[in-house]
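Here are the chains, one letter per residue:
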Amino acid sequence: MAMAAGATMIGALAACGGSGAGGAGAGGGGEEPQSIEDMTVGVAMPTETSERWIADGAAVESQLEEAGFEVDLQFANDDIPTQQQQIDQMITKGADILIVASIDGTALANQLKAAANQDIPIIAYDRLINGTENVDHYVTFDNYQVGVQQGTSLLRGLGVLDENGEETGEEGPFAIELFAGSPDDNNTAFFWQGAIDTLQPYLDSGVLEVASGQTEMDQVTTLRWSQETAQKRMEDLLTAHYGGGKEQLDGVLSPYDGISRGIITALQNAGYGDTIEDGLPVTSGQDAEIASVKLIDTGVQFATIFKDTRKLATQAVEAAESFAKGEDPEANDTETYDNGKKVVPAFLLESDIVVAENIEPLLVDSGYWTAEEVEAGQGD
Ligand code: GAL
């Protein structure tokens, strides 16, 4: 079997004309064809503090290994110099292909230049890497659509839209506050734009009101997607604009489950009640993290957006296999993701809104989380 797989010999650089990072990796060797079994993929993930990235790392690693690659998987603790150093080391240790989920999308140009100099193809994973020619492919979700789904789930939670996305005629006014993700993550502006385009008509008509007046993305970002930072900002907003929690806040746009949990803690501490039924404002989210899925199941968080990281991993591994064969990976979007130096060919996956009613079909039946994990609020 190993022989059969090993026989997938690759005329990597020859096939590609050795055109910089667009060419297949083969460690820059050039002439010698390489089989996947001889190739190492460096996988740079941002952090282990969020379970989503642990799951991504595990899925990418196991699927790469199944395909026959050696894997060098590193997590960078959300620290930019650590990630730079890890990628430098991957290159020194002879990585043939890189898969990178960046912390700061603009901080890796030097590393990627070094990689390109050795004809190492670079796949941006979930987050686009900006300001460099040296990113060859991008696997992600339709990030604008994720934002639309976040805005839509907030409107559903408030009862302005029904479960089919139709207007109910509910006019509010509803008091909401807005949160965005980390300003150095390219996805943040996409999520924000999708959400604000969805909410804007209702802000304009007065169905929604933002008492703080903080409706520009720059005013509402959350560095490193930090739960603590979000909790603190929510506490400050309550103190400054909602009588310390006494005046009613109805909903919060949150771009990520960790941020949602910080917001919810602040609201509960301010006396809003433990669940939405008790008066807790409705909160959106993203990533279907198990702690938040439990909160949704128990009526505490209203919704999250499910992005199946297993599918993203598959897409990244397929891209790596294509590069290994000297081919261009499949892209389904060649227009949207301009990184300031080039439009990066991307493969976009779809996402789903998860509310209490569809946890089972979307998350349990698909094997993403077991019913026991949902009940425990913890992965195995
Ligand atoms: C984004 C990612 C989201 C979420 C967030 C915080 O880049 O697209 O799904 O995970 O980072 O980790």
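Fair warning: this is a prediction, and the values are worked out from it, not measured in the lab.

> Help me understand the overall build of the protein in this model?
Summing up its helical and strand segments, the protein has 14 helices and 12 strands in all. Taken against the 2.2 N^0.38 rule, which gives 21 Å for 380 residues, the C-alpha radius of gyration of the protein at 22 Å falls within 12% of a compact globule. Viewed in the frame of its principal axes, the protein has a C-alpha envelope of about 70 × 40 × 35 Å. Taken over 380 residues, the protein has a buried fraction of 55%. Long-range pairs, those at least 24 residues apart, make up 71% of the contacts in the protein between residues at least 6 apart in sequence. A total accessible area of about 15,400 Å² is found for the protein, and carbon and sulfur atoms account for 45% of it.

> Would you mind showing me how to read the sheet that holds strand β2 (residues 70-75) here?
The strands making up a sheet associate through hydrogen bonds between their backbones, and the pairing can be parallel or antiparallel. If you trace the 6 strands from one edge of the open sheet to the other, you get β2-β1-β3-β4-β5-β11, paired in parallel fashion. Because the sheet does not close on itself, it has two edges, and the strands there are β2 and β11 (346-349). Within this sheet the neighbouring strands show an average axis-to-axis angle of 15°, counted without direction. With 3 bridges joining them, strand β4 (residues 122-125) and strand β5 (residues 137-141) adopt parallel strand pairing. The partner of I123 across the bridge, within β5, is H137. Against the sheet, helix α3 (residues 51-67) engages β1 (40-45), β2, β3 (97-100) and β4, with an angle of about 170° to β2.

> Looking at this model, I keep getting lost on the site of the ligand. Mind explaining?
Around the ligand, the structure places R52, W53, D126, R127, D185, N187, F191, W225, Y256, Q286, D287 and K307. Contact distances for the ligand include 3.5 Å between an oxygen atom and a side-chain N or O atom of Q286. Contact distances for the ligand include 2.6 Å between an oxygen atom and a side-chain N or O atom of D287. The protein chains hide 98% of the 300 Å² of surface that the ligand would expose on its own. Of all elements in the fold, only α3 and α7 (186-205) reach the threshold of two or more residues within the shell around the ligand. Class assignment of the residues belonging to the shell around the ligand gives a composition of 4 nonpolar, 2 polar and 6 charged.

> Any chance you could explain the sheet that holds strand β6 (residues 174-178) here in plain terms?
Strand order across the open sheet formed by 4 strands is β7-β6-β8-β9, with parallel pairing between neighbours. One side of each edge strand has no neighbouring strand; the edge strands of this open sheet are β7 (208-209) and β9 (282-283). Of the strands in this sheet, β6, β7 and β8 (251-253) touch α7, which is tilted by about 155° from β6.

> Quick question: what am I supposed to make of a negative patch on the surface here?
On the surface, D297, E372, E375 and D380 cluster together into a negatively charged patch. Take D380: it is sitting in the segment after α14 (371-376).

> What exactly am I supposed to notice about the environment of D333 here?
For D333, the position within the fold is in the loop between α12 (309-324) and β11. The class for D333 is buried, based on a relative accessible area of 12%.

> Teacher, can you tell me more about the packing of aromatic side chains here?
How two aromatic rings sit relative to each other is set out by the distance from centre to centre and by the angle between their planes. Enumeration according to the criterion identifies 6 aromatic pairs in this entry. Taking 6.0 Å as the distance between ring centres and 85° as the angle between the ring planes, the aromatic pair formed by W225 and Y256 counts as edge-to-face. Of this pair, W225 sits in the loop between α8 (217-220) and α9 (227-241) while Y256 is found in the loop between β8 and α10 (257-269), placing the two residues 31 residues apart along the sequence. Each member of the pair, W225 as well as Y256, is classed as buried. A ring pair is formed by F306 and Y368, whose centres lie 4.6 Å apart and whose planes are at 65°; its orientation type is edge-to-face. Within this pair, whereas F306 is found in strand β10 (residues 304-306), its partner Y368 is found in the loop between α13 (359-364) and α14, the two being separated by 62 residues in sequence. Grouping residues by exposure puts F306 and Y368 together as buried. Members of the aromatic cluster, joined through ring pairs, are Y138, F190 and Y337. Sitting above the plane of the W53 ring, R52 keeps its charged end 3.9 Å from the centroid. In this arrangement the basic side chain of R233 is found over the ring face of F179, its NZ or CZ atom lying 4.4 Å from the centre.

> Which parts of the structure should I look at to understand the confidence of the model for the protein?
Regions with low pLDDT should not have their predicted coordinates read in detail. When pLDDT is averaged across the protein, the result is 91; 91% of the residues are at 70 or more. Note that pLDDT drops below 50 for residues 1-30; the model gives that stretch 60 contacts with residues more than four away or on any other chain.

Scoring rules and cut-offs
Every chain's residues receive numbers from 1 upward, in the order its sequence appears when written. It should be noted that, the model being predicted, local features are given only for residues of pLDDT at least 70 and side-chain atom pairs only at 80 or more, the latter also being counted only at that level, while totals for whole chains, interfaces and linings use all residues. To obtain the side-chain values, all non-hydrogen atoms of the structure were used and water was disregarded. Think of it this way: any DSSP run of H or I at least four residues long counts as a helix, any run of E at least two long counts as a strand, and we number them from the N terminus. Radius of gyration: C-alpha atoms only; globule rule: 2.2 Å multiplied by the number of residues to the exponent 0.38. Only protein chains enter the accessibility calculation, which uses a 1.4 Å probe; a residue whose area is less than 20% of its type maximum is buried, one above 50% is exposed, and one in between is partly exposed. Note on definitions: a residue-residue contact is assigned when non-hydrogen atoms from the two residues lie within 4.5 Å. In this description, accessible areas are obtained by the Shrake-Rupley approach with a 1.4 Å probe, and a residue is regarded as covered only by the protein chains that are shown. Pairing between strands is defined by DSSP: at least two bridges between the two strands are required. For helices, the axis comes from a line fit to the C-alpha atoms of the stretch in contact; other axes are also lines fit to C-alpha atoms, and the angle between any two N-to-C directions lies between 0 and 180 degrees. Proximity is defined per residue: any heavy atom of the residue falling within 4 Å of a molecule or strand makes that residue near it. Any pair of N or O atoms that falls within 3.5 Å is considered a polar contact. Within protein, one atom must be able to donate a hydrogen and the other to accept it, and sequence-neighbouring residues count only if both atoms are side-chain atoms. Each residue gets one of three labels, nonpolar for Ala, Val, Leu, Ile, Met, Phe, Trp, Tyr, Cys and Pro, charged for Asp, Glu, Lys and Arg, and polar for the others, Gly among them. Exposure above 30% relative accessible area and the absence of a salt bridge qualify a residue for a patch, where like charges join within 9 Å and nonpolar side chains (Val, Leu, Ile, Met, Phe, Trp, Tyr) within 5 Å. Salt bridge, as applied in this entry: a Lys or Arg side-chain nitrogen positioned within 4 Å of an Asp or Glu carboxyl oxygen. Charge counting follows a simple rule: Lys and Arg are positive, Asp and Glu are negative, and His as well as the terminal groups are ignored. Charge positions come from single atoms, namely NZ of Lys, CZ of Arg, CG of Asp or CD of Glu. Aromatic contacts are taken between Phe, Tyr and Trp rings whose centres are within 6.5 Å, Trp giving its six-membered ring; a plane angle under 30 degrees counts as stacked, one over 60 as edge-to-face, and the others as tilted. Only when the NZ atom of a Lys or the CZ atom of an Arg is both within 6 Å of the ring centre and within 35 degrees of the ring normal do we say a charge sits over the ring. pLDDT gives the predictor's per-residue confidence on a scale running from 0 to 100.

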